[in-house]
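Survey of secondary and tertiary structure
The lines below spell out each chain.
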Amino acid sequence: MTSYIALHSLHMTTALLSITLFLLRGYWMLTDNVILQHKVTRIAPHIIDTLLLASAIGLMFVIGQYPFVNGWLTAKLLALVAYIVLGTFAIKRGKTKAQRTIALVAALLVFVYIVSVAFSKNSLGFAGLA
Ligand code: HEM
């Protein structure tokens, strides 16, 4: 139980940090701020996302539910990959600002979907509860 609470807190904290930093980096991308190239700005998301995934793996073992066994966790894992890939296009790989903006909005929508799957434990997200 203690490990569940600790892992859950770490998962929530890193999820919040991940989206906060992503929004900030998205804003810096849109405003062409050079802070986007700073070493700390580039490294921090990797540390946060690694901790987010590590806490997710810990939680999976504690509650005994796993991706490719439980649909909602498969959905979350695939959506996390989409969020990360879209994020790299939004921040650096998109060739034009229009491409980067579209990737930014898509990544934010994927994040909202992940949160809805997290709370509903349904791969359709909140839509599946209707
Ligand atoms: C951006 C990525 C993610 C976000 C924003 C996120 C968000 C959340 C939230 C809000 C909860 C709490 C739900 C609740 O208390 O009812 C949660 C729980 C959990 N998440 Fe994530 N999550 C993410 C990625 C992942 C991934 C990739 C996995 C594993 C494939 C995962 C596995 C879990 C597990 C096992 C729980 C515990 C569920 C329970 O307590 O019954 N999460 N997540």
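About the thresholds
- Residue indices follow the written sequence of each chain, beginning from 1 at its first position.
- Owing to the predicted nature of the model, reporting of local features is limited to residues with pLDDT of at least 70; listing and counting of side-chain atom pairs is limited to 80 or more, with chain, interface and lining totals taken over all residues.
- Note on definitions: a residue is near a molecule or strand provided its C-beta atom, placed from the backbone, lies within 6 Å of it.
- Only DSSP runs of H or I covering at least 4 residues are called helices, and only runs of E covering at least 2 are called strands; the numbering of each starts at the N terminus.
- Think of it as three bins: nonpolar holds Ala, Val, Leu, Ile, Met, Phe, Trp, Tyr, Cys and Pro, charged holds Asp, Glu, Lys and Arg, and polar takes everything else, Gly as well.
- For a helix, the expected span equals 1.5 Å multiplied by the residue count minus one.
- In this scheme the burial state of a residue depends on its C-beta neighbours within 10 Å: 20 or more other such atoms mean buried, 12 or fewer mean exposed, and anything in between means partly exposed; the C-beta positions come from the backbone.
- Any pair of residues counts as being in contact when their C-beta atoms, constructed from backbone geometry, are within 7 Å of one another.
- Working definition: the nonpolar core is a set of buried Ala, Val, Leu, Ile, Met, Phe, Trp, Tyr and Cys residues, joined through C-beta atoms within 7 Å.
- Angular values range over 0 to 180 degrees, each being the angle between N-to-C directions of two axes fitted as lines to C-alpha atoms, with helices fitted over their stretch in contact.
- Angular relationships are summarised with four words: roughly parallel below 35 degrees, roughly antiparallel beyond 145, roughly perpendicular across 65 to 115, and oblique for the angles in between.
- Less than a right angle of anticlockwise turn of the near helix away from the far helix marks a crossing as left-handed, whereas a clockwise turn marks it as right-handed.

Side note on the site of the ligand
- Of all residues adjacent to the ligand, which total 19 residues, the nearest are Ala15, Ala56, Leu59, Leu77 and Ala118.
- When contributions to the shell around the ligand are tallied by element, the ones reaching two or more residues are helix H1 (2-30), helix H2 (39-63), helix H3 (71-93) and helix H4 (97-120).
- Here the residues of the shell around the ligand sort into 16 nonpolar, 2 polar and 1 charged.

Considerations on H3
- Taking 1.5 Å of rise per residue, 23 residues should cover 33 Å, and H3 covers 31 Å from first to last C-alpha, within 8% of that figure.
- Here H3 has its buried residues at Leu73, Lys76, Tyr83, Leu86, Gly87, Ala90 and Ile91.
- Residues of H3 that are buried make contact with H1, H2 and H4.

What to know about the nonpolar core
- Counting 12 residues, the largest nonpolar core consists of Phe22, Tyr83, Leu86, Ala90, Ile91, Ala103, Leu104, Ala107, Phe111, Tyr113, Ile114 and Val117.
- The residues touching Ile91, leaving out its near neighbours within four places in the chain, are Arg25 and Met29.

Section: the environment of Ile63
- Tracing the backbone shows Ile63 in helix H2.
- Separated by 59 residues in the primary sequence, Ile63 and Tyr4 have C-alpha atoms spaced 8.2 Å apart.

So, the packing of H1 against H3
- As a packed pair, H1 and H3 sit with axes 10 Å apart at the nearest point and diverge in direction by 30°. As summarised for this structure, H1 and H3 are arranged roughly parallel, according to the angle between their axes. At the point where H1 passes H3, the crossing takes the left-handed sense. In contact with Phe22, Arg25, Gly26 and Met29 of H1, H3 contributes Gly87, Ala90 and Ile91.

Notes on H4
- With 24 residues, H4 should reach 34 Å at 1.5 Å per residue; the first-to-last C-alpha distance of 35 Å fits that figure.
- Ala103, Leu104, Ala107, Phe111, Tyr113, Ile114 and Val117 are the residues of H4 that are buried.
- In this fold, the buried residues of H4 make contact with H1 and H3.
- A positive phi of about 55° marks Lys121, the residue just after H4.

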